[in-house]
Amino acid sequence: MVENADHLWNQCKKLGEKLQVPELQDLKAKLFKTKNKRNEDNLEVGVPASPDYPEKDYLELLGNTNGTEKLLHFSVPKTNSQTKHQITGEVYPLQLNDSFAIDITLRFCHGNIDDGENNESDDRDTIVDLQDIAKLNPDGFFFPENFQASLGQTLVLFTKLHIEENDKEKTDTDLALECLECLLSQQKKSISKKQIQKSLNFGTFLGSPIFEYDNGIEEPGENVHIIIWFNALPRTETEEAEGKYYQLLINLLHCRSRIYFAFSESIYCAVSARELYRNLKEKVEFFEKHSQDETDKKLQGLKDLLIETSKNNFDYTRHLRDLEIHHATILTNIRNYEYFLRKLKETYYPENPDDDLGFLRQVLIHSRQNLLTQIKVYQDYFNPSKNLYRETIDTIKALIAIIQTESDRAHQKELWEHDHHFHEELRERDRKFHEEARERDRNEDILLGSLGLGLGVSGVTSEVIPQPISIILSPDSTPSNNSQTKITPYLPFDILAHLILGTIFFAIAYFLFTCLFFIRRKSKNQQNQEGKNKNNSSSPTDSNPPNSSETTKTTTNSD
């Protein structure tokens, strides 16, 4: 894919380092590049995948400038070939719409290497042992677990058979199986011969036998696809060298890879959607268990659930949309595959009427009967849950609105009660303050009245009986009425006697006034309590604040 194309060029660099081939290590620098529209200083390999560049459908990335060769040739040094035969090859990089492809060819050249000198080639020198075939895939580098191509890879073995005397009874299928066993021996996961034979398809192309092996795994990172093509006729070699079939075959394999890639992505969407649906059920069940929690905790839990469910709903809908896209992608590539397969047959049909490419139709049959059907099953299974997500979100929103409203009302009631109690406390404090003020005034009035009475009595007695002590001590010394008026001097004891008499009357008056006011206040308190009891019996609740008239009445009664 274009977005991770660097992985492809980096893998070529690794292969170059492995085989010590500088041409492969520096491949990216030799590729055709265009300016990035967002950053013109940055050059990108190939052309943008847009309708403005029709050449993107099949663009050769070498040979576009300066008339350079479309293929990059190289040879593997003897120390890395791991065989007595010289290995050469070429690289053919391409852009196919929004994808990049690369054809890396390794072959045993005619002649062998002996002490660094090339001998003349002959028929015997071109023969290699069956075990040497694996050297064309060094350490299994081109298998998916090592190369890790985004869309997958296909290994094509084109070979001419040299059958020994003891192998003449073997069929082409037997020989193809032996080649496959040799190639697959480099895989980490061992495969039995029976499994290989079961996955082997047979046909003829350009007059020669051709076999296809597919391990049946659609995941690009695990799919092993190998084509073994025997060079059984001279015209096969001739027409293969002409390469008229090449572009059609490349596009055919590209469509096949796109089909499998789209299906593997649909599996990812299905797994992710199933996980989201399971998560939704778990969240709802968890909330039901905690539905009796405190209001604030429950409300916060609902809000968190709404945020997570909304995000999951978006992801769930996106996965369903991607399933539709992958379904459409597979249909499109099935049509393209049929087109290129038909063109491939038409190209060589006049010269090779007996060619049988029916094995290539297995991809179409498998895609229609299995892959598209499976995606349809996914869609039928997950589409109803889309409505469940919407209903869950609507339900959560309604619950949040109800709980929020109840919480707001409770909060408002709490505030009102707090405010009501606060005002009641203020009124009670004000009432107590006024009562204390009236009590002080009454005490002052009583004190002043009693004091005035005591002083008055003391003054009157001082006028009537100026010398009470003297009279008490000498009763006969009372002055006559006819005697001459004169100022009678007061003795200290006489003054003290008048003060004591005034004090006695002050105490009596203070006591009497105090008792009078106490009795009056007690009577008023009884009347007020009776009035309150009557009001409480007439009203069911006292949750509402008292009105102004009631307040005025209470204040008046208190006064």
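Since we're looking at a predicted model, the values are computed, not measured.

Cut-offs and rules
Residues numbered from 1 in each chain as written. Predicted model: local features only at pLDDT ≥ 70, side-chain atom pairs only at ≥ 80, totals over all residues. Heavy atoms only, no water. Buried < 20%, exposed > 50% of the residue type's maximum accessible area, 1.4 Å probe, protein only. Helix = DSSP H or I, 4+ residues; strand = E, 2+ residues; numbered from the N terminus. Pairing = 2+ DSSP bridges. Axes fitted to C-alpha atoms, helices over the stretch in contact; angles between N-to-C directions. Parallel < 35°, antiparallel > 145°, perpendicular 65-115°, else oblique. Left-handed = near helix turned anticlockwise from the far one by under 90°. Nonpolar A, V, L, I, M, F, W, Y, C, P; charged D, E, K, R; others polar. Core = buried A, V, L, I, M, F, W, Y, C linked by side-chain atoms within 4.5 Å. Contact = heavy atoms within 4.5 Å. 1 Å grid on protein atoms, 1.4 Å probe; cavity = no way out; pocket = protein on both sides within 12 Å on 5 of 7 lines; lining within 4 Å. Points joined across faces, edges and corners; volume = space filled by probe spheres on them. Polar contact = N/O pair within 3.5 Å; in protein donor to acceptor, adjacent residues only side chain to side chain.

1. A few points about the pairing of strand 4 (residues 72-76)
Then, number 1: Side chains Leu-72, Phe-74 and Val-76 project from strand 4 onto a buried face, and the interleaved His-73 and Ser-75 project onto a face without burial.
Then, number 2: Looking at chain direction, strand 4 and strand 5 (residues 85-96) are connected through five bridges and run antiparallel. Within strand 5, the position partnered with Leu-72 by the bridge is Val-91.

2. Points about the packing of helix 10 (residues 295-348) against helix 11 (residues 362-464)
Then, number 1: Remark: helix 10 packs on helix 11, axes separated minimally by 8 Å, with the N-to-C direction vectors making an angle of 160°. The angle between the axes of helix 10 and helix 11 places the two elements in the roughly antiparallel class. When the axes of helix 10 and helix 11 are compared, the crossing they make is left-handed.
Then, number 2: For the contact of helix 10 with helix 11, the residue count by class is 23 nonpolar, 14 polar and eight charged.

3. Brief notes about the sheet that holds strand 9 (residues 200-205)
Then, number 1: Across the sheet, four strands lie side by side as 8-11-10-9; this open sheet has mixed pairing. Of all the strands in the sheet, just strand 8 (154-159) and strand 9 have a single pairing partner and so form its edges. Adjacent strand axes in the sheet meet at a mean angle of 20° when their direction is disregarded.
Then, number 2: When strand 9 meets strand 10 (residues 208-214), the two strands line up antiparallel, connected through six bridges. What sits directly across from Leu-200, in strand 10, is Tyr-213.

4. Let's talk about the nonpolar core
Then, number 1: The biggest cluster of nonpolar side chains holds 51 residues, and the ones touching the most others in it are Trp-9, Leu-27, Ile-102, Phe-142, Tyr-213, Ile-226 and Ile-228.
Then, number 2: A total of eight residues in this core trace back to one element, the largest contributor, which is helix 6 (residues 172-184).
Then, number 3: If near-sequence neighbours (up to four positions away) are discounted, Ile-102 is found in contact with Leu-8, Trp-9, Cys-12, Leu-27, Val-91, Tyr-92 and Pro-93.
Then, number 4: Counting residues in hydrophobic clusters, the runner-up holds 41 residues, among them Leu-206, Leu-280, Leu-320 and Leu-357.

5. Brief notes about empty space enclosed by the protein
Then, number 1: Considering all chains together, one arrives at five cavities of 30 Å³ or more under this definition.
Then, number 2: Each pocket or cavity is described by its volume, and for the largest cavity that value is around 90 Å³.
Then, number 3: Along its surface, the largest cavity is lined by Val-156, Phe-205, Ile-210, Ile-227, Trp-229, Leu-249, Leu-344, Leu-357, Phe-359 and Leu-360.
Then, number 4: A class-by-class count of the residues in the lining of the largest cavity yields 10 nonpolar, no polar and no charged.

6. What about the environment of Ser-367?
Then, number 1: Relative to the helices and strands, Ser-367 is located in helix 11.
Then, number 2: Sequence separation between Ser-367 and Ile-259 is 108 residues, and the spatial gap between their C-alpha atoms is 7.6 Å.
Then, number 3: Once residues within four sequence positions are removed from consideration, Ser-367 is found in contact with Ile-259, Ile-334 and Leu-372.
Then, number 4: A distance of 2.7 Å separates a polar side-chain atom of Ser-367 from the backbone oxygen of Val-363.

7. As for the side chain of Asp-322
Then, number 1: Relative to the elements of secondary structure, Asp-322 occurs in helix 10.
Then, number 2: The buried category is assigned to Asp-322, whose relative accessible area is 14%.
Then, number 3: A distance of 2.8 Å separates the side chain of Asp-322 from the side chain of Arg-321, its partner in a polar contact.

8. Describing unusual backbone geometry
Negative phi is the rule for most residues except glycine; trans is the rule for most peptide bonds.
Then, number 1: With a phi angle near 55°, Asp-139 is a residue other than glycine that sits in the positive phi range.
Then, number 2: Looking at where Asp-139 falls in the secondary structure, it is placed in the loop between strand 7 (117-118) and helix 5 (144-147).
Then, number 3: Phi is positive for Leu-206, which is not a glycine, with a value near 55°.
Then, number 4: With respect to the helices, strands and loops of the structure, Leu-206 is situated in the loop between strand 9 and strand 10.
Then, number 5: Classification of Leu-206 as buried rests on a relative accessible area of 0%.

Keep in mind that these numbers describe shape and distance, not what the molecule does.
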